[in-house]
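These are the residues of each chain, in order.
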There are 2 protein chains.
Amino acid sequence: MGEAVPTRLAQQIQFVIEIDQLKGILRQTLLTDRSRRENSAEHSWHIALMAVLLAEYAPADVDVLRVVKMLLVHDLVEIDAGDTFCYDAQHNQSKADREQQAADRLFGLLPPDQAQELRSWWDEFEAQATPDAQFAAALDRLQPMLNNVQTAGGTWKQHQITKAQVLQRAAPIAIGAPALGDFIQHLIDHSVAQGYLRP
Amino acid sequence: MGEAVPTRLAQQIQFVIEIDQLKGILRQTLLTDRSRRENSAEHSWHIALMAVLLAEYAPADVDVLRVVKMLLVHDLVEIDAGDTFCYDAQHNQSKADREQQAADRLFGLLPPDQAQELRSWWDEFEAQATPDAQFAAALDRLQPMLNNVQTAGGTWKQHQITKAQVLQRAAPIAIGAPALGDFIQHLIDHSVAQGYLRP
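This write-up is about the structure you can find in this document.

**Observations regarding the relation of the copies chain A and chain B**
Line of reasoning, step 1. Least-squares fitting of chain A to chain B yields an RMSD of 0.0 Å, with the transformation described by 0.0 Å of translation along the axis and a rotation of 180°. Such values leave the two copies arranged in the relation of a two-fold axis.
Line of reasoning, step 2. The share of interface residues of chain A whose copies in chain B are also at the interface is 100%, consistent with both copies meeting through the same surface.

The structure is reproduced here in structure tokens:
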């Protein structure tokens, strides 16, 4: 950007430009109108807004701003590492290494203090050891379930996913947002009854 | 959703499902890889994260969480009203009415307290009378400028936009984020010099 722009701002703007690529990372989930697969940028918007809307179902010690920050950055590593389908066991083995390298490069574009700060949010989300990270993960799991129900099974039918697989995948919801536990159970039972999920 | 789900949660979930449609609203802006036009959901993600990253350029009294909330909801009315290209004078005349009707319907899906709260954020963004709304608008204007520069003129070239038009469009940036004023001036001068913008 030349000498006209201070280094710190130039680094921040370079990062802002770089992360545009998240809009090109496709997930398995279909949009509710079934027109195409969802990308990770719009998914991140959806669950960040869900964190605001559903904050009342979070445990009392959850800080919504921290959850929103985590959700806005939680998928950025996919720009380099790609999205890994959650039911693809083989590909999931190499996921951690690929994503660590991606985090090094991407967050490393920022000024050091912000590189460290964003990395810490992502590390916290990955570690799943704090109430904020656990509530964030609950929303990350809930949104594709809603889209799968809304598309009459969507990805579940396509990959012949079973109730047991979804129960396992949904387990973090009951941990991060216990108040949504009954709803999730209802959603899964409904999906089996409708034939969206294999029993 | 049936009797199994409390009314309040059912309304919130219905809203969460409804807003999925923002992913299908196309803006004029191109993605930086020029593969397609940007949609309003991924745009909202981008500028919400920019609010977090560029918070240090906001006036001291700006509340980042409120700005992020405003940015996450600021385009929702487009689900009914569509995206109106900022340089389309004729279509902009009917924009206010269409968007008010959209806000009534969409926010009205939520429980009354949240309908009022989200509507108040959107009204505040539209009114542009508070530092939070002005900083939010600054980011909303900055992001497409970056994408236009990154795509060697993108939408500007396509519509033969002039420097004077962009200066006017960018004016809210100097209001909402005065610390970015020099950078914007540099970006516009650079774009004219490169032939991305008509002088």
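**Regarding the pairing of strand 1 (residues 26–30) of chain A**
Residues and elements named next belong to chain A.
Line of reasoning, step 1. As defined by bridge partners, strand 1 adjoins strand 2 (residues 37–39) across two bridges and the pair is classed as antiparallel. Along strand 2, the bridge assignment pairs Leu-30 with Arg-37.
Line of reasoning, step 2. Linking strand 1 to strand 2, which pair antiparallel, is a turn of six residues; within it Arg-34 sits at a positive phi near 60°.

**So, the side chain of Glu124(A)**
Residue and element names in this part refer to chain A.
Line of reasoning, step 1. Its place among the elements puts Glu-124 in helix 7 (residues 112–127).
Line of reasoning, step 2. Using a relative accessible area of 15% as the deciding quantity, one classes Glu-124 as buried.
Line of reasoning, step 3. Beyond its immediate chain neighbours, meaning those up to four positions away, Glu-124 contacts Arg-66, Met-70, Ala-129, Thr-130, Asp-132 and Ala-133.

**Digging into the interface of chain A and chain B**
Line of reasoning, step 1. Between chain A and chain B, the contact holds 49 residues from the first and 49 residues from the second.
Line of reasoning, step 2. Roughly 4400 Å² of surface becomes buried between chain A and chain B when both sides are summed, with 73% attributable to carbon and sulfur atoms.
Line of reasoning, step 3. Broken down residue by residue, the surface that chain A buries against chain B is led by Lys23(A), Trp45(A) and Leu53(A), which jointly contribute 17%.
Line of reasoning, step 4. We note a salt bridge from Glu56(A) to Arg8(B), for which the minimum N-O separation is 2.6 Å.
Line of reasoning, step 5. Between the two partners, chain A and chain B, sit 24 residue pairs in polar contact (both at pLDDT 80 or more).
Line of reasoning, step 6. Of all the elements in the fold, those that place two or more residues in the side of chain A that touches chain B are helix 1 (7–18), strand 2, helix 2 (40–53), helix 3 (64–73), helix 7, helix 8 (131–150) and helix 11 (181–193) of chain A.
Line of reasoning, step 7. Sort the elements by how many residues they give to the side of chain A that touches chain B and helix 2 of chain A lands first, with 10 residues.
Line of reasoning, step 8. For the side of chain A that touches chain B, the residue count by class is 31 nonpolar, 10 polar and eight charged.

**Here we look at the pattern of salt bridges**
When charged atoms on two side chains of opposite charge get close, those side chains can pair.
Line of reasoning, step 1. A full pass over the atoms with the stated rule returns 26 salt bridges over all chains.
Line of reasoning, step 2. A salt bridge links Glu42(A) to Arg36(A), with the nearest nitrogen and oxygen atoms 2.7 Å apart.
Line of reasoning, step 3. Salt-bridge contacts for Arg105(B) lead to Asp80(B); the nearest nitrogen and oxygen are separated by 2.7 Å. Of this pair, Arg105(B) sits in helix 6 (residues 95–107) while Asp80(B) is found in helix 4 (residues 78–81), placing the two residues 25 residues apart along the sequence.
Line of reasoning, step 4. Under the relative-accessibility criterion, Asp80(B) is labelled partly exposed at 38%.

**A word on the nonpolar core**
Line of reasoning, step 1. Counting residues in hydrophobic clusters, the biggest one holds 133 residues, and the most contacted among them are Leu76(A), Leu142(A), Leu76(B) and Leu142(B).
Line of reasoning, step 2. Non-local contacts of Leu142(A), meaning those with residues more than four positions away in its chain, are made with Met50(A), Leu54(A), Ile173(A), Leu180(A), Phe183(A), Ile184(A) and Leu187(A).

**A short note on the packing of helix 2 of chain A against helix 8 of chain A**
For any two helices packed against each other, the geometry is given by the interaxial angle and the distance between the axes.
Residue and element names in this part refer to chain A.
Line of reasoning, step 1. Interhelical geometry of helix 2 versus helix 8 gives an angle of 120° and a closest axis separation of 9 Å. With respect to helix 8, the axis of helix 2 lies oblique. Every pair of crossing elements has a handedness; the one defined by helix 2 and helix 8 is right-handed. Taken together, the residues of helix 8 that come into contact with helix 2 (itself represented by His-43, His-46, Ile-47, Met-50 and Ala-51) are Phe-135, Leu-139, Asp-140, Leu-142, Gln-143 and Leu-146.

Cut-offs applied
- Residues numbered from 1 in each chain as written.
- Chains lettered and ligands numbered in written order.
- Predicted model: local features only at pLDDT ≥ 70, side-chain atom pairs only at ≥ 80, totals over all residues.
- Heavy atoms only, no water.
- Least-squares fit on C-alpha atoms with pLDDT ≥ 70 in both.
- Contact = heavy atoms within 4.5 Å.
- Pairing = 2+ DSSP bridges.
- Helix = DSSP H or I, 4+ residues; strand = E, 2+ residues; numbered from the N terminus.
- Buried < 20%, exposed > 50% of the residue type's maximum accessible area, 1.4 Å probe, protein only.
- Buried area = accessible area lost by both parts, 1.4 Å probe.
- Salt bridge = Lys/Arg side-chain N within 4 Å of Asp/Glu carboxyl O.
- Polar contact = N/O pair within 3.5 Å; in protein donor to acceptor, adjacent residues only side chain to side chain.
- Nonpolar A, V, L, I, M, F, W, Y, C, P; charged D, E, K, R; others polar.
- Core = buried A, V, L, I, M, F, W, Y, C linked by side-chain atoms within 4.5 Å.
- Axes fitted to C-alpha atoms, helices over the stretch in contact; angles between N-to-C directions.
- Parallel < 35°, antiparallel > 145°, perpendicular 65-115°, else oblique.
- Left-handed = near helix turned anticlockwise from the far one by under 90°.

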